[in-house]
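Each chain, letter by letter, is given below.
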Number of protein chains: 2
Amino acid sequence: QVGHSKARCLCLNGLVNHIKPLHIEMLEVYTSSHSCRNMEIIVTLKNGEGKKCLNPEAPFAKKTIEKIMKNRR
Amino acid sequence: QVGHSKARCLCLNGLVNHIKPLHIEMLEVYTSSHSCRNMEIIVTLKNGEGKKCLNPEAPFAKKTIEKIMKNRR
């Protein structure tokens with residue numbers, strides 16, 4: 001008997017709406033998929049401060065990504 | 001005797017300027033750091049088609065990211 005497969009989203013414990021772009025070491029964007037229907041944005045902070053899930057619905061998320069793109073060298 | 005540390009960039013074998021947003025499963029943006037001074041954008045393609053490095057200097061890169069952000073559900 002095969003159990004129902006559950007969604008395997010990564011962001012289960014709340015989303016943040018704001019992260020300072022300069023604090024971001026790495027950013028992962030997972031598009032909607034069979035394993036998780038939500039788009040998910042996971043930010044790895046500098047200085048070993050861990051990871052946060054950024055709310056993709058927050059207008060800030062898009063702005064943050066644009067800022068990161070501008071800070072490229 | 002400690003050797004000189006070398007840059008540890010991830011994108012060593014050429015960058016692509018264009019990827020169809022719908023083919024993207026996951027996108028990673030690495031900001032400039034001590035281990036690699038370039039900003040790097042790594043795209044994981046759907047259907048196990050591997051990873052590509054997206055050229056952050058290409059205007060297309062920013063547009064691709066904006067499109068992905070719009071396709072969220």
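Residues numbered from 1 in each chain as written. Chains lettered and ligands numbered in written order. Predicted model: local features only at pLDDT ≥ 70, side-chain atom pairs only at ≥ 80, totals over all residues. Heavy atoms only, no water.

**Considerations on the pattern of salt bridges**
Residues and elements named next belong to chain B. For the record, the criterion: For this document, the term salt bridge refers to a Lys or Arg side-chain nitrogen within 4 Å of an Asp or Glu carboxyl oxygen. Counting from the N terminus, the helices are the DSSP runs of H or I reaching at least four residues and the strands are the DSSP runs of E reaching at least two. For every residue, the accessible area obtained with a 1.4 Å probe (protein chains only) is divided by the maximum for its type, and the residue is called buried under 20%, exposed over 50%, and partly exposed between those limits.
Applying the stated criterion to the full structure yields two salt bridges over all chains. Measuring nitrogen to oxygen at the nearest pair gives 3.6 Å for the salt bridge that ties Glu 28 to Lys 51. Here Glu 28 is found in strand S1 (residues 24-30), whereas its partner Lys 51 is found in strand S3 (residues 51-54), with 23 residues between them in sequence. Judged by its relative accessible area of 7%, Glu 28 falls in the buried class. According to the relative accessible area criterion, Lys 51 is exposed, its value standing at 55%.

**Digging into the relation of the copies chain B and chain A**
To keep things clear, this is the line we draw: We place the copies in one frame by least squares, fitting the C-alpha atoms of every residue whose pLDDT is at least 70 in both. A contact between two residues is defined here by any heavy atoms of the two lying within 4.5 Å.
Relative to chain A, chain B is turned by 180 degrees and slid 0.0 Å along the rotation axis, the superposed coordinates differing by an RMSD of 0.0 Å. What the rotation and shift describe, once combined, is the action of a two-fold rotation axis. When C-alpha distances to the rotation axis are compared across chain B, the minimum falls at Glu 28 of chain B, with a value of 2.2 Å. The overlap is high: 100% of the interface residues of chain B also sit at the interface in chain A, so the same surface is used on both sides.

**Quick word on the interface of chain B and chain A**
Interfaces are frequently sized by the accessible area removed from exposure as the parts join. Let me state the cut-off plainly: As a working definition, buried area equals the accessible area (1.4 Å probe) given up by two parts on being put together, with both sides summed. Pairs of N or O atoms are called polar contacts if they sit within 3.5 Å, as long as, within protein, a hydrogen donor faces a hydrogen acceptor (for residues adjacent in sequence, only side-chain-to-side-chain pairs). Gly is put with the polar residues, along with every residue not named as nonpolar or charged; the nonpolar set is Ala, Val, Leu, Ile, Met, Phe, Trp, Tyr, Cys and Pro, and the charged set is Asp, Glu, Lys and Arg. A strand pair is defined by DSSP finding two or more bridges across the two strands.
Listed as interface residues are 23 residues of chain B and, on the opposing side, 23 residues of chain A. Roughly 2300 Å² of surface becomes buried between chain B and chain A when both sides are summed, with 61% attributable to carbon and sulfur atoms. The interface formed by chain B and chain A includes six residue pairs in polar contact (both at pLDDT 80 or more). Secondary structure elements with two or more residues in the side of chain B that touches chain A: S1 and helix H1 (59-70) of chain B. Split into classes, the residues belonging to the side of chain B that touches chain A amount to 12 nonpolar, two polar and nine charged. Where strand S1 (residues 24-30) of chain A and S1 of chain B come together, five bridges link them in antiparallel fashion. Note on S1 of chain B: the bridge partner recorded for Tyr 30 of chain A is Met 26 of chain B.

**Notes on the pairing of S1 of chain A**
Residues and elements named next belong to chain A. Most of S1 is tucked away: five of the seven residues are buried. Pairing of S1 with strand S2 (residues 40-45), which is carried by six bridges, proceeds in the antiparallel orientation. In the sheet register, Val 29 faces S2, and the bridge partner there is Ile 41.

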